[in-house]
Amino acid sequence: MSEKKSSFVQDRLIPLTGKIASSRHLVALRDGFALVMPLIIIGSVFMIISNFPIPAYLAWMTSVFGPNWATVVGWATNATFSIIGMVAVIGISYQLAQSYKDVDPLAASMIALGAFMLTIPLHIDKAGAAFVPLAQLGSVGLFEALLIGLFITDFYVWMMHKNWQFHMPDTVPPAVGNAFSSLIPGFVVIIVMWLIRLGISFTFFKTIPNVITVILTQPLTAVGGSIWGALVAEFFVSFLWLFGIHGANVVGGIMAPIWLGQMAQNADAVKAHKAIPNIVNQQFVDNFVHAGGSGETISLALMMLFLAKSANLKAIGQLAGAPALFNINEPIMFGMPIVLNPVMAIPFIVVPLVSVITTYYSMKFGWVARTIGVAVPWTTPPIISGWLATGHLSGAVLQLVNFVIGGAIYYPFFKFADRQALKAEAKMAAEEAAAAQEATN
């Protein structure tokens, strides 16, 4: 890497991406969506129980518990998957408000929740009873939750900092004081959201969710859920990692609303016994592109462990082999290293891009089952994760194929690095021997 290019990276690129990664709004998205993940994982367990891909198991469950057993188990899936949008708006708003000074994050998140609920059109049944459609509280409302959680919270915080609040005496308990402090900003937020909803009701959109779907969600999902969106996102994951920046966290904070929404739609389709609609989603990325960690370095870790001739790479392989099985690859990233290594940068970028292509078209052509919306924890070892994510053995086979292809791409670069390490070790050994000989003379 030339001195000029290195200066640009150190002085411009790393500070810029560091600011992006640590920006309060991106951090709020990342940490806010973390609140959703336990629900998705718990719901996924019940989904696996009710849709376990072994006919003999399904037949046995039916014979023991009756023909409706899967529906009963599915109650738990509905109870978790159907509220992820509502939980997301609370989590995002709470995390964003917490990043500001002198703002009660709990009060802010409750106001944001009220604004979110106000945007949802009620359904009226034949008897005249009104009810909230669960779909809007789940994956359908996920992108809306993102917008409400960010913009409404910023508006609320702005009013609080402008001192639009009741000030209670110091003798009043903090919980009561915070509630009254948020009264004026909360009232303004609800009035503004009510006026927006009222105004949109007179347009051809009719509802706020329709506006968001037509103007924002559909175009962004079309891009982010396509192979081209996945390729661009994955390129930046690897590119940022090359400079020591956690690319998966940066890109994931932006793409998570789209990919998690796509994953939840797949889960809804499985529950309804419909065709699975989406190929690219969070499990597509986690289990088939990031298997072994960003850059899909698990094949490289195994080569270092079993094929390296240099003591340095073999030692790194012994250190990195076990974590790689659980998709943790920091020992390789900073031990080999891959960070700021222009030679290893080539396969580190190319391998995951190839995995995006092989995985996408394998699923598109029906050779491999699509992911079924089950949230497999990212530390689940490969092969197991591919089977669980797709509910089919073909998912595990595809992971093996991707590992072989990735290993073939990494191999010449690994051999080059191994030879260089051997030369360096031989040179060091010769220098030490010469020094020892000189000392004895």
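To be clear, the structure that these remarks concern was listed above.
Here the structure is a predicted model, which is why all the values come from computation and not from measurement.

## Concerning the overall build of the chain
- Helices and strands together make up the secondary structure of the chain, namely 21 helices and 2 strands.
- Relative to its full complement of 441 residues, the chain shows a buried share of 46%.
- Counting only contacts in the chain whose residues sit at least 6 apart along the sequence, the fraction spanning at least 24 positions is 71%.
- By element, 71% of the accessible surface of the chain is carried by carbon and sulfur atoms, the whole surface being about 21,500 Å².

## Observations concerning the pattern of salt bridges
- Taken as a whole and judged by the stated rule, the model has 1 salt bridge.
- One salt bridge in this structure joins lysine 271 and aspartate 268, with 3.4 Å as the shortest N-O distance. Remark: aspartate 268 and lysine 271 occur in helix α14 (residues 247–271); sequence separation between them is 3 residues, near one turn of the helix.
- Overall, the relative accessible area of 25% leaves lysine 271 in the partly exposed class.
- According to the relative accessible area criterion, aspartate 268 is partly exposed, its value standing at 31%.

## Points about a nonpolar patch on the surface
- Together, Phe187, Ile191, Trp194, Leu195, Leu198 and Phe202 make up a nonpolar patch on the protein surface, roughly 660 Å² of accessible area in all.
- Within the secondary structure layout, phenylalanine 202 lies in the loop between α11 (183–200) and α12 (208–224).

## Section: the environment of valine 132
- The residue valine 132 is located in the loop between β2 (130–131) and α8 (134–137) in this model.
- Separated by 245 residues in sequence, valine 132 and proline 377 place their C-alpha atoms 31 Å apart.
- Valine 132 has contacts with Met117, Ile120, Leu122 and Leu137, leaving out every residue within four places of it along the chain.

Criteria and thresholds
Residues numbered from 1 in each chain as written. Predicted model: local features only at pLDDT ≥ 70, side-chain atom pairs only at ≥ 80, totals over all residues. Heavy atoms only, no water. Helix = DSSP H or I, 4+ residues; strand = E, 2+ residues; numbered from the N terminus. Buried < 20%, exposed > 50% of the residue type's maximum accessible area, 1.4 Å probe, protein only. Contact = heavy atoms within 4.5 Å. Areas by Shrake-Rupley, 256 points an atom, 1.4 Å probe, with all protein chains shown as cover. Salt bridge = Lys/Arg side-chain N within 4 Å of Asp/Glu carboxyl O. Patch = residues over 30% accessible without salt bridge, like charges linked within 9 Å, V, L, I, M, F, W, Y side chains within 5 Å.

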